[in-house]
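Overview (structure and organization)
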Amino acid sequence: MSLEERNYLAELILPNIKETPDDIEKRYPERTLKEGAKVTRFGPSPTGFMHIGNLESAFLDYIFAIQSNGVFYVRLEDTDQERLVENASELIKETLTDYKIMPSEGAFSSGKYGPYVQSLRKEIYQVYIKDLIKKGLAYPCFMSKEELQEIREGQELRKEAIGVYGYYATDRDLSLEEVKKHLENGDSYVIRIKSPGDMSKQIVLHDLIKGDITLPENIIDEVIMKKDGLPTYHFAHVIDDHLMHTTTVIRGDEWVPSYPKHLQLAQILGFKMPKYAHYAPLTKKENGNIRKLSKRKDPEFSVSFYKEEGIPPEAVKLFLATIINTNFEEWYLQNSDKSYLDFKFSFKKMPTGGTLFDTDKLNNICRTYFSRLSALEIYNQSLEYYKNHDNVFYELMLSNKNILVSFLDIERNGKRPRKDIATYKDIKKESSYMFSELFYNKNTYDCVEKNINCTILLNYLEIYNENDTQDEWYLKMQKFAEKNNYASTVKEYKENQTKYEGHIGTICENLRHVITGRLQTPNLYDILKILGKEELKKRIEFYQK
Ligand code: GLU
């Protein structure tokens, strides 16, 4: 087609588009940022739930933008209208808010480079598409589904590259008359790029994580505008990353094979490519094989899992940080007073192959995270969880705040703070015996069969004084032990076993079991003190019944 014919065709196809790429470019001026500042974007498709991979992606965008004094923005990639799910974008927004992964601009706030929802940018993409048609770099393709299927089957049979290209791209060279006839017939069409690619040539992706990757040049005449007038993801994101001045695209490595397409589109459009960082997927070991984390098999795939289990967002982020940078965990363990943002994340320390999703590691990180919070912080944070998940315990928390906070405070402030809590759920599990409403029931002593003689415990109560210091308490307990023919130290007991009924530990163990129903608890002295003498008596009597 001649230039005139192409101009005519472009008008025929996109008559309402009056602007030129230059007009658009003027509305998206360069950002004024410091040298080295990264502009990153989270580009979720609102097609369902948020999974841990999405969260990792947003977290990476956030970290690298914030640590370089750059910009992190959110762009909703909703060009696949058939796959849209109602409320999906609200869920994305809610998750980012819960996780405090706050974008500086984008779909959920505002910004100068919007709109940040791709379906609202249809005309912008069409300006570029119209321009490409005029330049003879894109063309309408009227091939039917059946024709495409037939081509595909032949290509598969002959083990050729799959798609519309070269010899198969029959509509590349339609005359204006032929195109007009199709349009008059109302035949549906897509717009394809005329790929200048050469199968024998290769391109190199300089990936920030994986290093240089050699890939074959793209030869496919990719669809850039679908039948509904919206662009494909490939086209839309290249345009958007250019106009929004993204410096660093961080995305899952399932996109590596598409990179040649994206590079070619950018070259045809005359854009400078941003840098790309393709990160490895989260994996699991199953029967000795490594597989990707799966929606069907792994509950921890969905972000909602963490909420249900009561795993705080901050702890999930710490866990993700250990995945993102292999040297993070060690740093975190050594720096108890720092935020993860004090750690300098780098692409170089990101794993290049699949990363194992290690549930034990998650659990340990959570325990360490909780061990660094104050009792009051744990109390306050977990209220929301119980409000939504267990109203009975929520009410107990409200009416027994002092008891619970004191309990959580036991052994919290020393060098090696206790690590019995990994989730909000554990708070109830670990503390339930502190509440008489939960303590007194027929299963209280189920954890072990013991036949404790309570007379000695009741005698002990006679001398027990809530106001004793821990040292006084212990001395008193030693004396009491001796008086009752129990050794006051384990050592002494071991040396003269036949002489004694047992040792001081036996009394403490029995007392612990009778008043808590457990074999292990945090420091007994504190628990006795929090419960109070009256309650201790009631519990011993309850055991006797
Ligand atoms: N919308 C794409 C997705 O949800 C984003 C890919 C990208 O970050 O470039 O997978």
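As the structure is a computational prediction, the values presented were derived from the model and not from experiment.

Observations regarding the overall build of the protein chain
Within the protein chain, the regular secondary structure consists of 24 helices and 15 strands. Radius of gyration (C-alpha) of the protein chain: 33 Å, far over the 24 Å computed for a compact globule of 545 residues. Oriented by its inertia axes, the alpha-carbon framework of the protein chain measures out at about 110 × 45 × 45 Å. The long-range fraction of contacts in the protein chain, counting pairs at least 24 apart against all pairs at least 6 apart in sequence, stands at 74%. Of the accessible surface of the protein chain, which amounts to about 27,800 Å², a share of 48% is contributed by carbon and sulfur atoms. Side chains of the protein chain carry 77 positive and 83 negative charges; the gap between the two charge centres is 3 Å.

Here we look at the packing of aromatic side chains
Taken as a whole and assessed by the stated rule, the structure comprises 37 aromatic pairs. For the ring pair Trp473 and Tyr474, a centre distance of 6.3 Å and an interplane angle of 45° mean the geometry is tilted. With relative accessibility at 36%, the residue Tyr474 sits in the partly exposed group. Within the aromatic cluster, the residues linked to one another by ring pairs are Tyr369, Phe370, Tyr385, Tyr386, Phe393, Tyr424 and Phe435. Residue placement shows Arg372 over the ring face of Tyr332; its charged tip is 4.2 Å from the ring centre. The residue whose ring lies beneath Arg539 is Phe439, and the NZ or CZ to ring-centre distance is 3.8 Å.

What to know about the pairing of strand S11 (residues 282-286)
Regular strands place their side chains on alternate faces of the sheet. As defined by bridge partners, S11 adjoins strand S13 (residues 355-356) across two bridges and the pair is classed as parallel. Bridge pairing in S13 links Leu282 to Thr355. One ladder, built from four bridges, connects S11 with strand S12 (residues 289-292); its direction is antiparallel. Bridge pairing links Lys284 to Arg291 in S12. Where S11 hands over to S12, the hairpin turn is made up of two residues, of which Asn287 adopts a positive phi near 50°.

Concerning unusual backbone geometry
Here the bond from Gly114 into Pro115 is cis, since omega is 0°, no more than 30 degrees from zero. A positive phi angle, close to 50°, is found at Asn287, a residue other than glycine. Following the sequence through the fold, Asn287 ends up in the loop between S11 and S12. Judged by its relative accessible area of 75%, Asn287 falls in the exposed class.

Regarding the sheet that holds S11
The strand order across the open sheet built from three strands is S12-S11-S13, with neighbouring strands paired in mixed fashion. Looking at the sheet topology across the chains shown, the edges are occupied by S12 and S13.

A closer look at the site of the ligand
By nearness alone, every residue bordering the ligand is listed as Arg41, Gly43, Ser45, Glu77, Tyr233, Arg251 and Trp255. Between the ligand and Glu77 there is a distance of 2.6 Å, counted from a nitrogen atom to a side-chain nitrogen or oxygen. In this structure, an oxygen atom belonging to the ligand sits 2.3 Å away from a side-chain N or O atom of Tyr233. Expressed as a share of its isolated accessible area of 300 Å², the protein-covered part of the ligand is 80%. Looking at the shell around the ligand residue by residue, the classes come out as two nonpolar, two polar and three charged.

Focus on the nonpolar core
Note on soluble globular proteins: their nonpolar side chains tend to be buried together. Ile52, Phe59, Ile101, Phe328, Phe345, Leu457 and Leu511 are the most contacted members of the largest nonpolar core, which totals 102 residues. Considering every element that reaches this core, the biggest residue donor is helix H3 (residues 52-66), with nine residues. Ignoring anything within four residues of it in the chain, the contact list for Leu511 reads Leu457, Tyr460, Met477, Leu524, Leu528 and Ile540. Among the nonpolar cores identified, the runner-up in size contains 40 residues, and Ile17, Tyr128, Leu176 and Ile268 belong to it.

A closer look at a negative patch on the surface
Together, Glu4, Glu5, Glu177, Glu178 and Glu184 make up a region of like negative charge exposed at the surface. For the negative patch, the secondary-structure elements that each account for two or more residues are helix H1 (3-13) and helix H7 (176-185). Per-element tally for the negative patch: the top contributor is H7, with three residues. Along the polypeptide, Glu178 turns up in helix H7. Under the relative-accessibility criterion, Glu178 is labelled partly exposed at 40%.

Focus: the pattern of salt bridges
Throughout the structure, instances matching the rule amount to 34 salt bridges. Across the salt bridge formed by Asp241 and Arg75, the nearest N and O atoms sit 2.9 Å from each other. Residue Asp241 is located in helix H8 (residues 233-243), and its partner Arg75 is located in the loop between strand S2 (71-74) and helix H4 (88-98); the two are separated by 166 residues in the primary sequence. Put simply, Arg291 and Glu286 hold a salt bridge, and the shortest N to O gap is 3.2 Å. Accessibility expressed as a relative area gives 28% for Glu286, which makes it partly exposed. Where salt bridges share partners, they join Arg41, Arg75, Glu77, Arg121, Asp240 and Asp241 into one cluster.

Here is what the cut-offs are and how they apply
Residues numbered from 1 in each chain as written. Predicted model: local features only at pLDDT ≥ 70, side-chain atom pairs only at ≥ 80, totals over all residues. Heavy atoms only, no water. Helix = DSSP H or I, 4+ residues; strand = E, 2+ residues; numbered from the N terminus. Rg over C-alpha atoms; globule rule 2.2 N^0.38 Å. Contact = heavy atoms within 4.5 Å. Areas by Shrake-Rupley, 256 points an atom, 1.4 Å probe, with all protein chains shown as cover. Lys, Arg positive; Asp, Glu negative; His and termini not counted. Charge placed at Lys NZ, Arg CZ, Asp CG, Glu CD. Phe/Tyr/Trp six-rings, centres within 6.5 Å; stacked < 30°, edge-to-face > 60°. Buried < 20%, exposed > 50% of the residue type's maximum accessible area, 1.4 Å probe, protein only. Lys NZ or Arg CZ within 6 Å of the ring centre and 35° of its normal. Pairing = 2+ DSSP bridges. Near = heavy atom within 4 Å. Polar contact = N/O pair within 3.5 Å; in protein donor to acceptor, adjacent residues only side chain to side chain. Nonpolar A, V, L, I, M, F, W, Y, C, P; charged D, E, K, R; others polar. Core = buried A, V, L, I, M, F, W, Y, C linked by side-chain atoms within 4.5 Å. Patch = residues over 30% accessible without salt bridge, like charges linked within 9 Å, V, L, I, M, F, W, Y side chains within 5 Å. Salt bridge = Lys/Arg side-chain N within 4 Å of Asp/Glu carboxyl O.

Bear in mind that shape data such as this cannot, by itself, settle questions of function.
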